[in-house]
Amino acid sequence: MPVLVVKDGPGPGTQVPAQLQRIPIPLLSPTSDCTGKTVKGRVVHKGPLVSMGEDNYVLKTVIQEEDSQQNMSPEHSSINIILFGALAKDYSESVSQGDMLLVTGFTVGNSPTAQKDKLHACNLQLAGDDAWMYVWPSTVSPRASVPRKRTSPASTEVTKAVKVVKYTYVPLSDLKPGVVVNVYAVVTFFKQPFRTKGTDYCSTLKITDQSNKKVGCTIFCDKLEEHPKIFKMGDVIRLHRVKTQLFNGAISLLTSHGFSVVTFDGMVGSPVVPRTSSGSFKFGEEDCQVVEALRTWAANQSLVPAEPCVPLSAVQPKTYFDLTCQLLATAPVDSSCTLLKVWDGSKCPHPLLDVFVEPNTLEGSPTLSKDMANLTANVLVYDNHVEVARQFKPGSYLRIYNLHAVPGASRLPSNDSGQSDQTGHLGFHLHGGTSYGRGLRVLPEDSPDILDLKRILETFSESDINDSSMFEVWSTPPESFGTAPDEIATERTCDHTVEQVSLAEVKSRGPPQVFHVQAQLKSYQPQRLYQSLKLFCHKCKTIELPSESPSRTLTLLMSSQLMGKGKAKELIFLKGATLEETCRIASAYSNIVPVTSPQGTMTPLDLSAPFLFRGTKRYYGCKQCSQLKVGESLGEGVEVWDEKSVADALGVQLLQYGLLMKLELQDGTGSLEALLWRDAESFFHVSAEDAAADQEAQDRVQETMDRLCPPGSSTAERPWMDLCLSAYTVEENGQRRACYQICHTDTRGTNPHTHPYAAPSDT
């Protein structure tokens with residue numbers, strides 16, 4: 001899984017394999033043939049390396065195709081790339097934003113974030129030994145590609161470098177008036193950009209460097225995104241082509257023609273990642289050393305506040321502070337005020353002001369769970385900040401500067417009588433103007449400043465990382481969701497004559513037994529319900545996950561036993577078709593069997609892929625129990641071809657579809673994990689085979705789980721379930737433990753009822 005990096009210098013080299021063909025990003029689709037193909041673009045975003053366990057990593061990056069049409073939108077020319085495993089870690093260590101990247105050995109999937117990030121509707125997924133990446137650092141020309149394997153220092157593979165412009169940086173103490181200069185510095189104060197009386201936006205900042213000279217800087221840009229991306233005092237800034245001027249007896253800096261700016265996080269030890277809207281900036285090893293030196297110097301000078309931001313749990317009345325938070329919802333209050341509902345995972349020790357707005361004006365979560373509502377702060381944004389705040393989308397991470405903790409409700413924009421009892425409650429106001437750096441902005445998803453915040457918030461809500469196309473099928477809401485569903489509970493269908501017991505008693509008695517319980521659903525796995533679909537072999541008891549395959553060069557083959565018997569359309573052998581082609585043909589023929597023909601002998605494909613397609617349904621065989629065969633006697637004695645007769649004729653042990661879920665139950669006396677497997681089909685009133693191919697069946701499973709465990713609900717809001725539990729013993733690594741399975745239970749549309757072991761409300 002190598003990352004091949006281009007280096008400067010003389011010496012022999014190895015070209016990118018000539019047989020690889022490039023696909024333009026706008027032409028990519030989930031049905032694209034990716035064999036022997038490459039995609040190329042410049043890295044415009046590099047996300048953090050996320051550890052999912054030992055030697056299991058995930059990283060997301062974005063590349064943009066540079067030689068496509070200049071007026072092409074990002075949704076056509078920019079695409080997400082998801083890297084897995086050691087390749088993600090290798091990429092994190094070897095590639096920087098601004099580098100040119102060429103990838104091969106990828107698969108194309110639908111991007112679940114396309115509506116949010118407005119990039120290409122697909123993404124590229126790279127994992128395993130077939131995935132390769134060729135990287136040209138931003139200072140090296142990608143025209144003459146000579147890669148060097150990063151993990152093999154013995155090989156000195158090179159490429160021809162382009163001529164790189166050498167920039168000279170002037171210490172702030174050496175600045176003279178009336179010249180254009182380039183400078184590196186540390187930000188000691190800044191104001192967010194604000195609109196001038198003309199067409200430009202203006203931002204001001206104060207900077208310093210190792211010369212201890214402090215200089216003011218005024219930046220004018222007609223586009224908001226062209227201003228420096230400064231998130232906190234102590235950030236490092238690089239300014240190119242700024243003009244020096246004498247103002248009130250002191251040197252200051254002003255933007256001039258060709259101005260550009262790059263900023264970096266100022267924390268010692270954090271990755272040196274440039275922040276800029278420019279796609280053509282230069283950044284090399286010398287720049288990295290300058291940034292690191294400024295970071296170290298600033299840390300020793302105490303230029304950066306020890307606690308730049310204050311959590312809600314530490315806020316005191318009448319103070320001003322900076323807050324890093326996540327936006328939950330937003331609503332306009334009046335023409336000069338907007339409400340932001342935010343949280344940071346901590347609870348303010350003071351009672352918080354509740355601001356009423358009309359529900360139909362609220363964008364985001366109109367009703368939060370009571371647990372989250374107790375942690376939610378209402379921020380009132382005024383005057384010049386309203387225009388910026390109304391562009392924010394719920395879910396964004398924000399930093400609010402110079403936020404005022406105001407006790408009492410007297411300063412609300414609307415003095416409703418219903419708010420009179422909140423006199424002692426704490427409200428948060430972002431006043432108008434830009435004094436003291438007052439303002440607010442969105443922080444990028446990969447900002448080091450929100451890593452701790454994300455970890456805290458993830459304890460309250462599940463992460464939504466998944467790029468599988470099947471995710472979108474399961475997450476498609478049922479058409480009937482226009483009205484609120486009735487409360488739903490379950491009903492036992494067994495004939496057992498046993499008394500109802502609590503979950504604590506179930507655990508104390510142990511297996512083997514059958515129990516009747518009443519409980520609520522606390523949580524369930526998998527959260528992405530398509531993952532509950534399994535394949536089961538009744539012979540060897542193996543459980544597998546469905547997958548899909550067939551490849552290229554389409555050929556139709558028919559058994560001679562079927563020719564002339566009026567059955568030519570009943571069984572078709574298909575060689576070299578793509579998955580999409582196979583599905584299209586299956587819609588016109590009764591039974592499609594994908595095959596290969598090594599040494600001229602026709603044989604079914606490897607059983608990791610479906611061995612049979614029938615309309616929209618796909619059938620799989622057990623790898624352990626099947627004994628594959630194809631012969632000219634295939635059609636003898638068979639009157640009707642179905643999945644069972646085809647499997648028998650091919651020597652395939654047919655796998656059965658099943659639904660497998662793990663439910664965590666609770667009843668106030670304790671909690672217990674139970675599997676839903678044997679009777680899952682009767683529980684959901686769908687067959688697993690239908691759930692594999694039918695949207696309506698998938699919607700029914702999703703709707704059932706949403707009713708039993710409504711997203712964002714508290715324990716008191718969830719219905720009670722009458723359940724039959726079977727207790728049994730399993731042995732793992734020489735240890736025996738009790739397990740439980742839900743059986744003889746169906747879902748019913750009944751009203752929930754009071755339970756003798758009801759848990760106290762968690763609201």
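Heads up: the structure comes first, above all this text.
Scoring rules and cut-offs
Residues numbered from 1 in each chain as written. Predicted model: local features only at pLDDT ≥ 70, side-chain atom pairs only at ≥ 80, totals over all residues. Heavy atoms only, no water. Salt bridge = Lys/Arg side-chain N within 4 Å of Asp/Glu carboxyl O. Helix = DSSP H or I, 4+ residues; strand = E, 2+ residues; numbered from the N terminus. Buried < 20%, exposed > 50% of the residue type's maximum accessible area, 1.4 Å probe, protein only. Pairing = 2+ DSSP bridges. Polar contact = N/O pair within 3.5 Å; in protein donor to acceptor, adjacent residues only side chain to side chain. Expected span 1.5 Å × (residues − 1). Core = buried A, V, L, I, M, F, W, Y, C linked by side-chain atoms within 4.5 Å. Contact = heavy atoms within 4.5 Å. Phe/Tyr/Trp six-rings, centres within 6.5 Å; stacked < 30°, edge-to-face > 60°.

## A short note on the pattern of salt bridges
Tallied over the entire structure, the rule returns 15 salt bridges. A salt bridge links E363 to K393, with the nearest nitrogen and oxygen atoms 3.8 Å apart. In this pair, E363 sits in strand β20 (residues 363–364) while K393 sits in the loop between α6 (386–389) and β22 (397–407), placing the two residues 30 residues apart along the sequence. Take E363: its relative accessible area is 36%, and that puts it in the partly exposed class. The salt bridge involving E505 is made with R509; its shortest N-O contact spans 2.5 Å.

## Looking at the pairing of strand β5 (residues 56–64)
Pairing of strand β3 (residues 37–46) with β5 involves 4 bridges; the strand directions are antiparallel. Note that in β5 the partner of R42 across the bridge is Q64. Bridging between β5 and strand β6 (residues 78–84) involves 7 bridges; their strand directions are antiparallel. Along β6, the bridge assignment pairs V58 with F84.

## Focus: the side chain of H431
Relative to the assigned elements, H431 resides in the loop between β23 (426–430) and β24 (439–443). Within polar-contact distance, the side chain of H431 engages the side chain of H404 at 2.9 Å.

## Concerning helix α14 (residues 695–708)
The terminal C-alpha atoms of α14, which comprises 14 residues, lie 20 Å apart, in line with the 20 Å expected from a rise of 1.5 Å per residue. Among the 14 residues of α14, 10 are classified as buried, and the element is accordingly described as predominantly covered. Of the residues making up α14, those classed as buried are A697, Q698, D699, V701, Q702, E703, T704, M705, D706 and L708.

## Some thoughts on the nonpolar core
Across soluble globular proteins, nonpolar side chains have a tendency to be buried as a group. Counting residues in each nonpolar core, the largest one holds 40 residues, and the members touching the most others are L521, L663, L665, F684 and L725. Counting residues per element, this core draws most heavily on strand β26 (residues 513–525), at 5 residues. Residues within four places of L521 in sequence aside, it is in contact with L663, E664, L665, M705, L708, C709, R718 and M721. Judged by nonpolar contacts, the second largest core, of 31 residues, contains V183, V215, Y397 and L443.

## A few points about the packing of aromatic side chains
In this description, a pair of aromatic rings is defined by centroid distance and the angle of the planes. Across all of its chains, the model carries 5 aromatic pairs by this definition. Between the aromatic rings of F190 and Y401, the centroid separation amounts to 5.3 Å while the plane-to-plane angle is 85 degrees, which identifies the pairing as edge-to-face. Highlighted residues: F190 in strand β12 (residues 180–190) and Y401 in strand β22, separated in sequence by 211 residues. On the basis of an interplanar angle of 85 degrees and a centroid distance of 6.4 Å, the ring pair of Y620 and Y657 is categorised as edge-to-face. With Y620 in the loop between β34 (617–619) and α11 (643–650) and Y657 in strand β35 (residues 656–659), this residue pair connects regions lying 37 residues apart in the sequence.

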